[in-house]
Amino acid sequence: MTWGSMNEFLAMGGYGFYVWGSYGVTLLCICLEILSLKSKKETA
Amino acid sequence: MMNQDLFRFAAPQAFFPLAGKLIPWFSVLAGVLALAGLYVAFFVAPTDHQQGEAYRIIFIHVPAAWMSMFLYVVLAGWAGVGLALNTRLSGMMASAIAPTGAMFTFVALWSGALWGRPTWGAYWVWDARLTSELVLLFLYLGFIALKSAIPDPVRADRAGAILALVGVVNVPIIYFSVQWWNTLHQGASVSLTRAPSMASAMLIGMLLMALAAWMYSFATAFSRVRAIILERERDAEWVRMTKDQMRAAA
């Protein structure tokens, strides 16, 4: 286990902004795509 | 006989229910693989001795970049089949893949920018790898825009197919750019011909995330193609019956 605490995990050794910025925007893109598919399905 | 069975699903009417049955499986697999991949990425894979924790972006960046290229080749393949054989489903499959491919291309560029800043000191450089990946994003967006600008679906499929096939030349350029030019972007860490140059936990995490991205792409492309089939074949009797059934079930 690399992380001693939750804060250490979130800090990512000082690279938190870059790491979570990548994962967060990816998650956002996936959510947006799934939402757009749902609305496409309903209008089809 | 097997060939005939396979070709049967080339008809939108036969493919529609098959895709519908497969979507939940691909979705569940995508979720399970992504959870396993994220677990390995954050709790098993060790800290990189050069890049510290910043390297953990690799688990998003590399699978997204792989999918962005792979999906484009599949898209162009469907487009080519559609041009050659005039099969209706082909153009619909190409259209269904494009938004997911564009999404992964954007994610590869975005995560690459956020990785480049701490490691190279810049979010963006006009390096051959980065530039050709940006061209890929424009190819996806151009393909989507071109198809939606032409009202007649048959003509839209043809025009889109030509664009997709011309653009496929960009994929080997992206892939080999790190060898052909002196790029800031590093070379491949994983290749089929030699042992990977990274810790095995990193490799396993990356492969799990890549498989998850693969399953996700199947699920989204199939669910999008179902919507496209219903829209394009709306005058067909089976579509009317299917819509009634779906409404009754909802």
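In this numbering scheme, every chain counts its residues from 1 along its sequence in written order. Going through the entries in the order they are written, you letter the chains from A and number the ligands from 1. Local features in a predicted model are, by the rule used here, given only for residues with pLDDT of at least 70; side-chain atom pairs are given and counted only at 80 or more, and totals for whole chains, interfaces and linings are based on all residues.

Asks: Can you walk me through the interface of chain A and chain B in this structure?
Replies: Interface extent is often summarised as the accessible area lost during association of the parts. Contact between two residues is assigned whenever their backbone-derived C-beta positions fall within 7 Å. If you look at the interface, chain A gives 18 residues, while chain B gives 26 residues. Charged means Asp, Glu, Lys or Arg here, nonpolar means Ala, Val, Leu, Ile, Met, Phe, Trp, Tyr, Cys or Pro, and polar covers whatever is left, Gly included. A per-class count over the side of chain A that touches chain B returns 10 nonpolar, 5 polar and 3 charged.

Asks: Where do I start with the nonpolar core in this structure?
Replies: As a rule of thumb, nonpolar side chains are buried together in soluble globular proteins. I57, L75, A94, M209 and A212 of chain B are the most contacted members of the largest nonpolar core, which totals 68 residues. Per the convention used, a helix needs a DSSP run of H or I reaching at least four residues, while a strand needs a run of E reaching at least two, with both numbered from the N terminus. For this core, the secondary-structure elements that each account for two or more residues are α2 (16–43) of chain A together with α2 (12–44), α3 (58–85), α4 (88–120), α5 (128–149), α6 (153–167) and α8 (200–232) of chain B. Residues in contact with L75 of chain B, not counting those within four places in the same chain, are A94, I97, A98, G101 and A164 of chain B. Residues of type Ala, Val, Leu, Ile, Met, Phe, Trp, Tyr and Cys that are buried and joined through C-beta atoms within 7 Å form what is called a nonpolar core. Put plainly, a residue is buried at 20 or more neighbouring C-beta atoms within 10 Å of its own, exposed at 12 or fewer, and partly exposed in between, counting only other residues' C-beta atoms, which are placed from the backbone.

Asks: I'm lost on the confidence of the model for chain B in this one. Help?
Replies: Where the model shows low pLDDT, its predicted coordinates should not be examined in detail. As a per-residue quantity, pLDDT reports the predictor's confidence and falls between 0 and 100. Per-residue confidence for chain B gives a mean pLDDT of 92, with 94% of residues at or over 70. Scoring the predicted complex yields pTM 0.92 and, for the interface, ipTM 0.94.

Asks: Explanation requested: unusual backbone geometry in the structure shown.
Replies: For residues that are not glycine, phi is negative in most cases, and the peptide bond is trans in most cases. Of note in this structure, M12 of chain A is not a glycine but carries a positive phi near 50°. Its location among the elements puts M12 of chain A in the loop between α1 (6–11) and α2. Judged by the 21 C-beta atoms lying within 10 Å of it, M12 of chain A is buried. You will see that N86 of chain B, though not glycine, has its phi angle at about 60°, which is positive. You can see N86 of chain B is positioned in the loop between α3 and α4. C-beta crowding within 10 Å serves as the criterion here: with 12 such atoms nearby, N86 of chain B is assigned to the exposed category.

Asks: Looking at this model, I keep getting lost on the packing of α3 of chain B against α8 of chain B. Mind explaining?
Replies: A packed helix pair is summarised by two numbers, namely the angle formed by the two axes and the spacing between the axes. All names here are of chain B. A fitted line through C-alpha atoms represents every axis, and for helices the fit uses only the stretch in contact; the resulting angles, taken between N-to-C directions, go from 0 to 180 degrees. At a minimum axis separation of 9 Å, α3 and α8 run at an interaxial angle of 45°. Classified by the angle between their axes, α3 and α8 sit oblique to one another. α8 is crossed by α3, and the crossing has right-handed handedness. Counted together, I58, F59, V62, P63, A64, W66, M67 and L71 of α3 and G205, M206, M209, A210, A213 and S217 of α8 form the full contact between these two elements. Across the contact of α3 with α8, the residue classes tally to 12 nonpolar, 2 polar and no charged. Convention used here: angles under 35 degrees read as roughly parallel, angles over 145 as roughly antiparallel, angles from 65 to 115 as roughly perpendicular, and any remaining angle as oblique. Helix crossings are classified by the rotation of the near helix relative to the far one: an anticlockwise turn of less than a right angle makes the crossing left-handed, while a clockwise turn makes it right-handed.

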